Amino acid sequence: MKTILAIDIGGSKMLAGLARGEGDEFEIVQTVGEALPTEMTEDGILREIDKLCAQLPLDQIDAVGVTIPGLADERVWIYAPFSGIQNFQIMDALEARFPGKPIAIENDVNACAIAEGIFGACRGVRDFIWLTISNGIGGGIVLDGKIYRGALGFSGEFGHLNVVPDGELCGCGNRGCMEAECAGPGISRYYARLTGSPEFVPASEIARRAEAGEEAALETYRREGRVLGHALANASNILNPSKIIIGGGVSRSWKLFYPTLEESFRKIIFHRANDSILIEPTALGYEAALMGAVALTLQK
Ligand SMILES: [Zn+2]
């Protein structure tokens, strides 16, 4: 049995946990974390890591996996969106804290894709897309069993696929990106447009209203599915994956958007190539990000 320290660094929350297991069977046995915005500076992040680790028994750990938003190579956190982080020598800081332990870092969505391949719905699947939909949208592409990174490491930016010409303003500066239209805040904006109410209603509350039968809420999630299905069909016509896995907070409203996603996806895929693609929610559950961090250490 091995014990792995898993750390998930996010802009809106930071989690740490211990996983125990062996081979492709690992289980998160303890988690600590805060659903508070992390101060996204080098010092702020290291302070938070120290705070979380102080709450865990670390005398027995065999390895450490860390997932980050943005781009990293094996030692350096090169860039994080919407923060000042540039070329953060995070591996030096981690090695000082965990001397002699194997440590792995990776982009959070890529880590989830790797974990899905080891622990989840993509065991033995060589080609798949992993999409996370929460406050933003990120994607990981696994081709022939390996993460596809692209020339500069920025592959899989599904969030910035254009899905609505001249649509909502995206954080990247463009309009109509899938992230601006379909991530949590985009769901809220669309609902506000349908209801004409200026009140900001979180996507999770809109899902609750949809489940209670409210028509504007139901239509908001039907539209979510239509837009996602359209974009994923275009992506599939390029990549020809076996599976598409969707995780992140919005994926918990699967029942509300999946029927229209499937319908719009099937309408425009190139059928000869892509009829057999399966679209499924993540099998990693709510702890996907921590399982991602665990998976990194196994891969290494
Ligand atoms: Zn964008």
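Just so it is clear, the structure is predicted and the values come from calculations on it, not from any experiment.

### Focus: the pattern of salt bridges
Moving on, step 1. In this structure the tally under the stated criterion is 18 salt bridges.
Moving on, step 2. Linking Arg-75 and Asp-92 is a salt bridge whose minimum nitrogen-to-oxygen distance equals 2.8 Å. Of the two residues, Arg-75 is situated in the loop between strand S5 (71-72) and strand S6 (77-79) and Asp-92 in helix H2 (residues 90-97); the sequence distance between them amounts to 17 residues.
Moving on, step 3. Accessibility expressed as a relative area gives 37% for Arg-75, which makes it partly exposed.
Moving on, step 4. Using a relative accessible area of 41% as the deciding quantity, one classes Asp-92 as partly exposed.
Moving on, step 5. The closest approach of N and O atoms between Glu-106 and Arg-149, which form a salt bridge, is 2.7 Å. Here Glu-106 is found in strand S8 (residues 103-107), whereas its partner Arg-149 is found in the loop between strand S11 (146-147) and helix H4 (178-182), with 43 residues between them in sequence.
Moving on, step 6. By sharing partners, the salt bridges in this structure join Glu-215, Glu-219, Arg-222 and Arg-226 into a single network.

### Considering the domain arrangement of the protein chain
Moving on, step 1. Domain boundaries in the protein chain define domain 1 (2-113 + 287-299) and domain 2 (123-282).
Moving on, step 2. For domain 1 versus domain 2, the distance between C-alpha centres works out to 26 Å.
Moving on, step 3. Taken together, the contacts link 11 residues of domain 1 with 15 residues of domain 2.
Moving on, step 4. With both chains or domains summed, domain 1 and domain 2 bury close to 1,100 Å², and 61% of this area falls on carbon and sulfur atoms.
Moving on, step 5. Across the contact surface, domain 1 and domain 2 share 2 salt bridges.
Moving on, step 6. Linking domain 1 with domain 2 are 2 residue pairs in polar contact (both at pLDDT 80 or more), by the criterion used here.
Moving on, step 7. By residue number, the principal contributor to the side of domain 1 that touches domain 2 is helix H3 (residues 108-119), which donates 4 residues.
Moving on, step 8. Of the residues that constitute the side of domain 1 that touches domain 2, the class distribution is 6 nonpolar, 2 polar and 3 charged.

### Considerations on a nonpolar patch on the surface
Moving on, step 1. Side chains of Tyr-79, Leu-152 and Phe-154 sit close together on the surface and give an oily, nonpolar patch of about 320 Å² of accessible area.
Moving on, step 2. Its place among the elements puts Leu-152 in the loop between S11 and H4.
Moving on, step 3. A relative accessible area of 69% places Leu-152 in the exposed class.

### Remarks on the pairing of strand S1 (residues 2-9)
Moving on, step 1. Of all 8 residues in S1, 7 are buried, a share of seventy percent or more.
Moving on, step 2. Two strands pair when backbone bridges link them, and S1 and strand S2 (residues 14-22) are joined in this way by 8 bridges, in the antiparallel orientation. Considered in S2, the bridge of Ile-7 is made with Ala-16.
Moving on, step 3. Hairpin geometry of S1 and S2 is characterised by an intervening segment of 4 residues between the two adjacent antiparallel strands.
Moving on, step 4. The sheet contact formed by S1 and strand S4 (residues 63-68) spans 5 bridges and is parallel. When the sheet's bridge partners are listed, Ile-7 is paired in S4 with Val-66.

### Points about H3
Moving on, step 1. Look at H3: 16 Å from first C-alpha to last across 12 residues, which is about the 16 Å you get at 1.5 Å a residue.
Moving on, step 2. Taken across its 12 residues, H3 has 9 buried, putting it largely inside the fold.
Moving on, step 3. Turning to H3, its buried residues are Val-109, Asn-110, Ala-111, Cys-112, Ala-113, Ile-114, Ala-115, Glu-116 and Phe-119.
Moving on, step 4. In this structure Asn-107 caps H3, since a side-chain oxygen of it lies 2.9 Å from the backbone nitrogen of Val-109.

### Some points on the coordination of the zinc ion
Moving on, step 1. For the zinc ion, every protein donor is listed as His-160 (ND1), Cys-170 (SG), Cys-172 (SG) and Cys-177 (SG), and the spread of their distances is 2.0 to 2.3 Å.
Moving on, step 2. Within one chain, the residues serving as donors to the zinc ion are arranged as H-x9-C-x1-C-x4-C.

### Some details on the environment of Ser-188
Moving on, step 1. On the secondary structure map, Ser-188 appears in helix H5 (residues 184-195).
Moving on, step 2. According to the relative accessible area criterion, Ser-188 is buried, its value standing at 2%.
Moving on, step 3. Sequence-wise, Ser-188 and Val-201 are 13 residues apart; in three dimensions their C-alpha atoms are separated by 5.7 Å.
Moving on, step 4. Those residues in contact with Ser-188 that lie beyond four places of it in its chain are Phe-200, Val-201, Pro-202, Ala-203 and Ile-206.

### Notes on the sheet that holds strand S13 (residues 278-281)
Moving on, step 1. Ordered by their spatial adjacency, 5 strands build an open sheet running S11-S10-S9-S12-S13, and the pairing between neighbours is mixed. Strands at the two margins of the open sheet, each flanked by one partner only, are S11 and S13.
Moving on, step 2. In terms of strand pairing, strand S10 (residues 137-143) meets S11 through 2 bridges, oriented antiparallel. Bridge pairing in S11 places Leu-143 opposite Lys-146.
Moving on, step 3. Docked against the sheet, helix H8 (residues 254-268) engages strand S12 (243-247) and S13, running at close to 165° with respect to S13.

Conventions we followed
- Residues numbered from 1 in each chain as written.
- Predicted model: local features only at pLDDT ≥ 70, side-chain atom pairs only at ≥ 80, totals over all residues.
- Heavy atoms only, no water.
- Salt bridge = Lys/Arg side-chain N within 4 Å of Asp/Glu carboxyl O.
- Helix = DSSP H or I, 4+ residues; strand = E, 2+ residues; numbered from the N terminus.
- Buried < 20%, exposed > 50% of the residue type's maximum accessible area, 1.4 Å probe, protein only.
- Domains from an automatic or database assignment.
- Contact = heavy atoms within 4.5 Å.
- Buried area = accessible area lost by both parts, 1.4 Å probe.
- Polar contact = N/O pair within 3.5 Å; in protein donor to acceptor, adjacent residues only side chain to side chain.
- Nonpolar A, V, L, I, M, F, W, Y, C, P; charged D, E, K, R; others polar.
- Patch = residues over 30% accessible without salt bridge, like charges linked within 9 Å, V, L, I, M, F, W, Y side chains within 5 Å.
- Areas by Shrake-Rupley, 256 points an atom, 1.4 Å probe, with all protein chains shown as cover.
- Pairing = 2+ DSSP bridges.
- Expected span 1.5 Å × (residues − 1).
- Donors = N, O, S within 2.8 Å, 3.2 Å for Na, K, Ca; no water.
- Axes fitted to C-alpha atoms, helices over the stretch in contact; angles between N-to-C directions.

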